[in-house]
Amino acid sequence: MKKAIVTLACVVTFFALSTASADAAVKDTLRVGLRYGSSAMFSANLENAVGSGYELGYFEDGRDFVSLGWTDETSISMTAAGTIYVSSSGEYSATGNGTHLGPWHVELDEYDDFEEAEDAAREADGWTVFLDGTYAVRTGCYDSKNEANRAADDLGGKAVRSSDDAVLITRTRSTEILYEFDYGGSQSLGVMPQAGRREKAETWFKGYKYNGGFEYVRPDGGNLRVINVVDLEDYVKGVVPYEMNGDWPLAALEAQAVCARTFACRNTKHASYDFDVCSAICCQVYNGVNTATDRSNEAVDNTEGVCIWYDGELIEAVYHSSDGGATEDAKNVWGGDVPYLQGKKDPYESLISIPNYSYTVTYTPAELTWVLQNSGYTIGTVADVYVAERTALGNVSKVVFTDTSGKTLTVTGQACSNAFYSTTYGKNVRSLNFTISGGSGETSGSGFCVNSASNWIDSLSGATAITAGGQQTKLPGSGWCAVTNSGTVALEAASGGASSGSGDLFVITGTGNGHHVGMSQYGAKAMAENGYSYEDILSFYYTDVTIE
């Protein structure tokens, strides 16, 4: 999911809907993955925005913070222990030349108390390290064990190397070590910003301000996985203004807040990383509190704790930018019938102006061939593409590609739009409400399409139109038109046969933006502007749900 208005072209894709128990709703603290996997960091900085200094410790399984020490420094860096190179600009890296911190140290006496260890560390020109249940003092950063042993002989300690999961805390852009967390794998370093008496702490990380604390997990001796451990309501305040314009009507923002909260409480897709949700589009966009508005915060406060339920379980509260006139059954998009995710005609989007509501994108056969082949599809040079089936609500449910050898590739559900996506060409089909011209049409037959691509008649002779008053009128002759969202279109027979289309250019024209399942964000805006409450909005877009 992603912020509305211009950035709504990117919305979350759910290929499978998971299950979750009602117990998920009792979470009042979330673990949000900010950096993990390929984005894990060798070194991560924090800087106080509101607050002064940090408590150092770890988070228990119950997500409560256990403090083991503290620092008054306002700008600190957490770095994977080992050999650490420091550039002239103060950047930390695992490789380089020049100024560096070696992985070997001299370890002096152990202490039961952090303050005693800190006093001893200052005298030894070293730092406090927390080991498994006790404190010690370390000093010196040497490249080899021999160097550390020689120093240990002089200082009266022992040579030690930081373990593979240890984390060093330094004053940012310096080699001054403030603290080391070397627990041996049973716990990971936690950092909790110290707040003022009347203000909630806010902390800069990678250009964004966050509430809550931070955890640094170093799996398998690699880079740091950075997790924001944050109150549920503070998390929702960080989601709403990125997923929806923070100045939109209050009821729409309230609906978005309830969706965001429900999604976060239910979601378990990142359990293998030991956090609940990530901060990116594959979950919900969350970048802290930078863009929160008074109105978006009010929406979260007004709905505190409220979630969406179906049959005693939290729902998969999926949403999208705009549906182009109709939402869609989850089974037609992702497979699997979900009783509360049922499509319906949407009369509300047409009540407001929606930026970029309609779109047109073109592909040459060569471009389509490249896109499909580089997306893992097996097909030769594309000669034709057409919409083969639509749902009862008019959304595309099947697209057929044909190559020059006559071999066909059929895609269904959300792949009908995803198959066209290309970062290389900067092109994509933004919704499931579209038509394709330049191909052979929405069937391999000929005649006139009635209701769906599977219902065709050879001619209008003997056909009947039903008026709004229920009267039937035959359609003799020619000159008849159909009324569409774009106006009137002359009824002309489709060309027959399995043609290859023009072969020069395929033009795709559509409306809407997103996967069409669940709440339309622009539809919510329209409903709010017309006096509907957030409960009304959610009850319209999700079928037979309870909101509490």
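Keep in mind the model is a prediction, meaning the values are calculated, not measured.

Asker: In this structure, what is going on with the pattern of salt bridges? I would like to understand it.
Answerer: Oppositely charged side chains are able to pair whenever their charged atoms sit close together. According to the stated counting rule, one finds 17 salt bridges in the structure shown. The closest approach of N and O atoms between Arg63 and Asp276, which form a salt bridge, is 2.5 Å. Here the residue Arg63 occupies a position in the loop between strand E3 (54-59) and strand E4 (65-71), and Asp276 occupies one in the loop between helix H4 (250-266) and strand E20 (277-278), the gap between them amounting to 213 residues. Two residues, Glu529 and Lys525, come together in a salt bridge whose shortest N-O distance is 2.7 Å. With Glu529 and Lys525 both in helix H9 (residues 521-529) and four residues apart, the pair spans about one turn of that helix. Here Lys525 falls in the buried class, since its relative accessible area comes to 14%. Members of the salt-bridge network, linked through shared partners, are Glu107, Arg138, Lys158, Glu180 and Asp182.

Asker: What is the right way to look at the packing of aromatic side chains in this model?
Answerer: To describe a pair of aromatic rings, one takes the distance between the centres and the angle between the planes. Enumeration according to the criterion identifies 26 aromatic pairs in this entry. One aromatic cluster is present, formed by Tyr58, Trp70, Phe114, Phe130, Tyr135, Tyr179, Phe181 and Tyr183 through successive ring pairs. Just above the ring of Phe540 sits the side chain of Lys344; from NZ or CZ to the centre is 4.8 Å. Here Lys525 stacks its cationic end above the ring of Trp248, 5.6 Å away from the centre of that ring.

Asker: Help me understand the sheet that holds strand E27 (residues 408-412) in this model?
Answerer: In a beta sheet, neighbouring strands are held together by backbone hydrogen bonds and run either parallel or antiparallel to one another. If you walk across this open sheet you meet the three strands as E25-E26-E27, and the pairing is antiparallel. Of all strands in the sheet, those bounded by a partner on one side alone are strand E25 (382-390) and E27. On average, each strand axis in the sheet is tilted by 20° relative to the strand beside it, whichever way the strands run. Bridge analysis of E25 against strand E26 (residues 396-403) gives seven bridges, and the strand direction is antiparallel. Across the sheet, Val382 pairs through a bridge with Asp403, a residue of E26. In the packing of helix H7 (residues 365-373) onto the sheet, contacts are made with E25, E26 and E27, and the angle to E25 comes to roughly 70°.

The rules behind these values
The residue numbering used here restarts from 1 in each chain and proceeds along that chain's sequence as written. Per-residue local features of the predicted model are confined to residues with pLDDT of at least 70, and side-chain atom pairs are confined, for both listing and counting, to 80 or more; whole-chain, interface and lining totals are unaffected and use all residues. To obtain the side-chain values, all non-hydrogen atoms of the structure were used and water was disregarded. The working definition used for a salt bridge is a side-chain nitrogen of Lys or Arg within 4 Å of a carboxyl oxygen of Asp or Glu. Numbering goes from the N terminus for both helices and strands, where a helix is a DSSP run of H or I of at least four residues and a strand is a run of E of at least two. Relative accessibility thresholds used throughout: buried, under 20% of the residue-type maximum; exposed, over 50%; partly exposed, between the two (1.4 Å probe, protein chains only). The aromatic pairing rule takes the rings of Phe, Tyr and Trp, using the six-membered ring of Trp, and pairs them if the centres are within 6.5 Å, calling planes under 30 degrees apart stacked, those over 60 edge-to-face and the rest tilted. A ring is considered to have a charge above it if a Lys NZ or an Arg CZ atom is located within 6 Å of its centre and within 35 degrees of its normal. Two strands are said to pair when DSSP picks up at least two bridges between them. All axes are obtained by fitting lines to C-alpha atoms, using only the stretch in contact for helices, and the reported angles, taken between N-to-C directions, cover 0 to 180 degrees. Whether two residues touch is decided by their heavy atoms; if any such pair falls within 4.5 Å, the residues are in contact.

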